[in-house]
Amino acid sequence: MTLNKQLVIVGGGPAGLAAAIAAKNNGVSDIIILEREDNLGGILNQCIHNGFGLHTFKEELTGPEYAQRFIDKVKSENIEYKLGATVLSVTKDKTVSYVSINDGLVNINAQAVILACGCRERPRGAINISGSRCAGIFSAGTAQKLVNIDGLMPGKSVVILGSGDIGLIMARRMTFIGATVKAVIELMPYSSGLNRNIVQCLSDFNIPLYFNHTVVKINGQSGRVESVVIAQVDADLNPIPQTYRTITCDTLLTSVGLIPENELARLAQIEISNVTSGAIVDDNFMTNDEGIFECGNVLHVHDLVDYVSIESENAGKAAADYIKNGKPQGQTIEVTTFNGVRYTVPQKINKEGVDPLTLRMRVDNVYKKVKLVIKKDGEVIFSKMRPIVTPGEMETLTLPLNISQIIRNSNGIFVGLEAN
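Residues numbered from 1 in each chain as written. Predicted model: local features only at pLDDT ≥ 70, side-chain atom pairs only at ≥ 80, totals over all residues. Heavy atoms only, no water.

Asks: Just to check I follow, could you spell out unusual backbone geometry for this structure?
Replies: Note: most residues except glycine have negative phi, and most peptide bonds are trans. Looking along the chain, the bond that leaves Val345 and enters Pro346 is cis, with omega of 5°. Considering the arrangement of structural elements, one finds Pro346 in the loop between β22 (341-345) and β23 (348-350). For the bond running from Asp355 to Pro356, omega is 5°, close enough to zero to count as cis. On the secondary structure map, Pro356 appears in the loop between β23 and β24 (358-363). Not every positive phi belongs to a glycine, and Lys58 is a case in point at roughly 60°. Structurally, Lys58 can be placed in the loop between β3 (50-52) and β4 (61-62). Judged by its relative accessible area of 67%, Lys58 is exposed. You will see that Asn212, though not glycine, has its phi angle at about 55°, which is positive. Of note, Asn212 is situated in the loop between β14 (209-210) and β15 (213-219). (Helix = DSSP H or I, 4+ residues; strand = E, 2+ residues; numbered from the N terminus. Buried < 20%, exposed > 50% of the residue type's maximum accessible area, 1.4 Å probe, protein only.)

Asks: Help me out: how do you make sense of helix α3 (residues 140-148) in this one?
Replies: The buried fraction of α3 amounts to seven of the nine residues, a majority that puts the element mostly inside the structure. Of all the residues in α3, the buried ones are Ala140, Gly141, Ala143, Gln144, Leu146, Val147 and Asn148. Looking at the buried residues of α3, the elements they touch are β9 (119-121), β11 (137-139), α4 (165-176) and β18 (251-254). (Contact = heavy atoms within 4.5 Å.)

Asks: Can you help me understand the pairing of strand β12 (residues 157-161) in this one?
Replies: The side chains of a regular strand alternate, residue by residue, between the two faces of the sheet. The buried fraction of β12 amounts to five of the five residues, a majority that puts the element mostly inside the structure. Alternating residues of β12 divide into Ser157, Val159 and Leu161 and Val158 and Ile160, and every residue in both groups is buried. In this sheet, strand β13 (residues 180-185) lies alongside β12 in parallel orientation, the contact comprising five bridges. Within β13, the residue paired with Leu161 across the bridge is Ile185. In the classification by handedness, the crossover that spans β12, the intervening α4 and the parallel β13 is right-handed. In this sheet, β18 lies alongside β12 in parallel orientation, the contact comprising four bridges. The residue bridging Leu161 from the neighbouring strand is Thr254, located in β18. (Pairing = 2+ DSSP bridges. Right-handed = clockwise from strand over helix to strand, strands pointing away.)

Asks: Where do I start with the packing of aromatic side chains in this structure?
Replies: The full count for this structure, using the stated rule, is five aromatic pairs. Here the aromatic rings of Phe176 and Phe205 are separated by 5.4 Å at their centres, their planes lie at 80°, and the arrangement is edge-to-face. Residue Phe176 is found in helix α4, and its partner Phe205 is found in the loop between α5 (195-201) and β14; the two are separated by 29 residues along the sequence. In textbook terms, an aromatic cluster arises when at least three aromatic residues are bridged by ring pairs, as seen for Phe57, Tyr66 and Phe70. The residue whose ring lies beneath Arg69 is Phe57, and the NZ or CZ to ring-centre distance is 4.9 Å. The side chain of Arg245 reaches across the aromatic face of Tyr210, ending 4.9 Å from its centre. (Phe/Tyr/Trp six-rings, centres within 6.5 Å; stacked < 30°, edge-to-face > 60°. Lys NZ or Arg CZ within 6 Å of the ring centre and 35° of its normal.)

Asks: Even after reading the chapter, I still don't get the nonpolar core, so can you show me in this structure?
Replies: In terms of nonpolar packing, the biggest core is built from 67 residues, with Leu7, Ile9 and Leu34 touching the most fellow members. No other element matches helix α7 (residues 305-325), which puts nine residues into this core. Look past the residues within four positions of Leu34 in its chain and what remains in contact with it is Val8, Ile9, Val10, Gly11, Gly12, Lys82, Ala85, Val87, Val96, Tyr98 and Ile108. (Core = buried A, V, L, I, M, F, W, Y, C linked by side-chain atoms within 4.5 Å.)

The structure is reproduced here in structure tokens:
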């Protein structure tokens, strides 16, 4: 079966929902959301803790509550969606193929496509820990689903490897359901999670966090995890043998990073960033394939879902504008990072783009008393004082109109850190 649609959105999580609503509000009515799970809402359905919505709704919500606000809006706007629909491919000419039990194989010819596929957890195999292949090893997100959706108890004595936000939140959640969390082990000298989660999920429960440490071995000869061996690491992140020590436990949770789900983008020959593992986009969130957009955690991993929604609304608006008016005229300029800034999104800026211009970025270490600066032709044209910046918290610069105009009239800009 072959269909024609104005806009196809791949993913029914917070990014896809926000993009669909924005596109509908900006004059595009022929929209379909394709979601491979049995419910809309994405990962938020298993995030039953609060802390969502402070920016978007000015109130504190749980993940399911936050998702339901957008789901209700999608339904009230009569936006079409398909559940249990697995997208097999997206082509450069914007043909989307999906398969489902009810529809079989369907090809959709779209005027525009938004990829809002989210991200997945990096598995144990990616970090090469030696030891037994025993039961009791879970990614933090899998453990979250087991506890919050399935009502199961993954273990009673837990060590968590990695201080990403999911790992920190699961330290608290496992404590709530009666487990003992022995420690959180972090390879780097800083956490990759939000500071508020370190305080609320670890400090408030006296759970130790060991920086510059890693798990070097998993012991489990009886078929279940019995203990893990941890060690301090040197400046090259190599374990220091004389620091080895054993922690008894029956469960190891891993929270060692998230990977944007960009397999479909690669099939469409979309240019992927080596830093973010997401697409390289302009300030309209358009990729190098005209009419294909990307937003949310598939573009770059966010710390707050509120930022996902804001970004995806802008992507939905841009896709609607493209459907109605075509690709923006004019060239794009490059955004280059330096001195502590790992990446920015967007990586390119349209000379004829629409203001306000917002840059989101992450730094590569913890820096105190610095300025986020934008340079053009070697001169600082914008700066923002920051008492501290960390890799776990995304920085956002929404630029004044006069600065946006200077940037759009330039041949390229540089974004980095300078000492105060």
